[in-house]
Every structure is written in structure tokens, then in C-alpha cells.
Amino acid sequence: MSVPRIFDRRRVRQRRDRSAALAEPANFLHQEVAARVAERLLEVRRRHERVLDLGARECALRAVLPAESADMVVACDLSHAWLARSGGTARVVADEELLPFAPASFDAVVARMSLHWVNDLPGALAQLVGLLRPDGLLLAAFPGGETLHELRAALLQAELDIRGGGSPRISPVVDLRDAAALLQRVGLALPVADLDRITVSYADPLRLLSDLQGMGESGGLVAHGGPLRRDVLARALELYRRDHSDTDGRVRATFDIIFATGWRPHESQPRPRPRGSAQVGLGEALGRPPTASGQ
């Protein structure tokens, strides 16, 4: 089956390259996610021989991981400009939709803030699983849930008010339940998906739009409705201030980051026992007295 083309991958790369060229790119969200990913990776309490850091940008995982936790970290990103800023020795420019690595090349794959721009998320996850050695760890972090719901609602309502119809302006995202199902679909063992909500406060919603451009996190949709008219933008900013302001007059922006983890299957991993193999009844396990048959 053909995969719907939701994102223009060339445009996505161009947006990342432009953000990397800024003297001070808006990288605070990616840095925060990098730190939280590193915390989760360290909780595994295992030394990794080779780690793929997909979506490295300049906040490379190697810089926030203790040296003793990984022998080699390969930084990989769609944007050559971002990798040029990251430093380090092992750097590969590659598209997340078609990675150049051999099967079973890594014992850990970390995908940070990049999978939300791929057209075939199940296919991309399956590809990452194929790069893992048996009992290898996949840890992915990407926006989902109600990310930017404030901006999405304001832009849609503004276009309805002025143009009489809306067009997509904010990228679609995955909810937490679907993320957990995707882990099972690609054959990962012990899958877990959880969500961290990061709320950012702005003096004005126009600064949020500037930050999204500075992150390289805008303008990647194939069907984007054309340039945003000034009158529509003005109305959207008005609605944003009206509906999403705090008592101090500042506005909120929500970023829900989904953290998805799973392991490539291996015989050493714990497995559920077959159905019907229990030797103790549920009532007895709960401390209830046994009931005689037929009573």
C-alpha cells in the first residue's frame, strides 16, 4: 500500500538548515528533551557498545551521557548544517525514512524529536527495530498528545472567521494510546509509552511563532493552504491572547512529548506465562476462602 505524503521532506530539511544557520536558534525544547532522554537511558543501567542518536542536532546525546555509559555514539540528522554544529567525531547525514546502516548495527537506538516529520511512522519504527541487535533498546521521543493545541485552535478559528474555511497549519501528531500500539505493531518486546507535558510561557504568541521557526519546526506540510494572510494571522493572535492567557497576561504553549521504549525480542527477556498455566485460583490469590464445586 502506498503511504500518504503528508510532509514535504525537502522542505523539512530546508527548515532545519535555516534554523541551524541562526546565531542563536531556539533550541531550548530539544535540549530539554535530550536531557530527559539521557535520564531514561541511564535508568537502564547497562553499558551500550554502539548507540545511534537520531535527530542529534547540536545537542548531541554524547554531550549529555556519561562516558562510561556508551562506547560509541553515532550522531545522525537530516540536516548537515545541524550536525556541523554538534561537534563529535561520528556524524552521519541521513533521512529518517531511509537510513544507511546495516541490520543489527546498534544495541541502542535513540530517536529524538525527528519521527514526527516522517510520512510512514510505523515503517520508520520498523526500520529502527531492524537496526537493533537482539535485546537492543529503542527509545523514541516525539511531540504528540495535545502539542500546540492552543495555536492549532486559534489558527483554525481565525481562518473560519475571515475566509469561511480552514486549512491545515499545524502538523498532525500521535496520541499516547496510538504510540503504545505502534510499539507492539513493530514487534518490540516490553513496550512502554508515557508522556511529559512541557508548558512554555510567552509574553506574546508572536514569539511562539518565531521560536517554532527558530527550531525548524514549522512549514513542513504538503497541504499547508498557502501563505498565511496578514488579516488571518492578526485574528489568530487576537484569539490566542483571548483564550490562552494567564492572569499575568502571558500566554501558554503546550508541548506534549511522548517517550516510547521497547526492546528487540530476545530469549532472555521475561515473557508472560501461557493462558491456563496458573496453579492457583484468583480467589485464593486474593485471600478468599475456596468454594466447593456445585455450591
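**Q** Is there a simple way to think about the pattern of salt bridges in this case?
**A** Applying the stated criterion to the full structure yields 27 salt bridges. With its nearest N and O atoms 3.0 Å apart, the salt bridge here joins Arg 235 to Asp 161. Residue Arg 235 is found in helix 9 (residues 230-243), and its partner Asp 161 is found in helix 6 (residues 149-163); the two are separated by 74 residues along the sequence. By relative accessible area, which is 22% here, Arg 235 ends up partly exposed. Residue Asp 161 is classed as partly exposed on the basis of its relative accessible area, which comes to 37%. Residues joined by salt bridges that share partners form a network here, namely Arg 9, Arg 16, Asp 77, Asp 95 and Glu 96.

**Q** What should I look at first to understand helix 9 in this one?
**A** Helical geometry note: an α-helix holds 3.6 residues per turn, so side chains three or four residues apart project in the same direction. With 14 residues, helix 9 extends 20 Å between its outermost C-alpha atoms, agreeing within 8% with the 20 Å of an ideal straight helix rising 1.5 Å per residue. By the burial criterion, the buried members of helix 9 are Val 232, Ala 236, Leu 237, Leu 239 and Tyr 240. Buried residues of helix 9, seen end-on, are gathered within an arc of 165° and therefore sit on one face of the element. When the buried face of helix 9 is taken as reference, the exposed residues oriented beyond 90 degrees from it are Arg 230 and Arg 242. Looking at the buried positions of helix 9, the neighbouring elements they touch are helix 6, helix 8 (205-215) and strand 7 (251-263).

**Q** In this structure, what is going on with the sheet that holds strand 3 (residues 91-93)? I would like to understand it.
**A** In any sheet, the strands associate via hydrogen bonds between backbone groups, in a parallel or an antiparallel arrangement. One open sheet accounts for seven strands, arranged 3-2-1-4-5-7-6; its pairing is mixed. Strand pairing shows two members of the sheet lacking a second neighbour, strand 3 and strand 6 (189-202), which therefore form its edges. Ignoring which end each strand starts from, the neighbouring axes of this sheet average 15° apart. Bridge count between strand 1 (residues 48-54) and strand 4 (residues 106-112): four bridges; the pairing is parallel. Paired with Leu 54 across the bridge in strand 4 is Ala 111. Packing against the sheet, helix 8 makes contact with strand 6 and strand 7, and its axis sits at approximately 35° to strand 7.

**Q** I'm lost on helix 6 in this one. Help?
**A** Compared with the 21 Å implied by 1.5 Å per residue over 15 residues, the 21 Å span of helix 6 between its first and last C-alpha is a close match. Buried residues along helix 6 sit against helix 8, helix 9 and strand 7. Looking one or two places after helix 6, you find Gly 164, whose phi comes out positive at around 80°.

Each value, and the rule that gives it
Residues numbered from 1 in each chain as written. Predicted model: local features only at pLDDT ≥ 70, side-chain atom pairs only at ≥ 80, totals over all residues. Heavy atoms only, no water. Salt bridge = Lys/Arg side-chain N within 4 Å of Asp/Glu carboxyl O. Helix = DSSP H or I, 4+ residues; strand = E, 2+ residues; numbered from the N terminus. Buried < 20%, exposed > 50% of the residue type's maximum accessible area, 1.4 Å probe, protein only. Expected span 1.5 Å × (residues − 1). Arc of directions from axis to C-beta. Contact = heavy atoms within 4.5 Å. Pairing = 2+ DSSP bridges. Axes fitted to C-alpha atoms, helices over the stretch in contact; angles between N-to-C directions.

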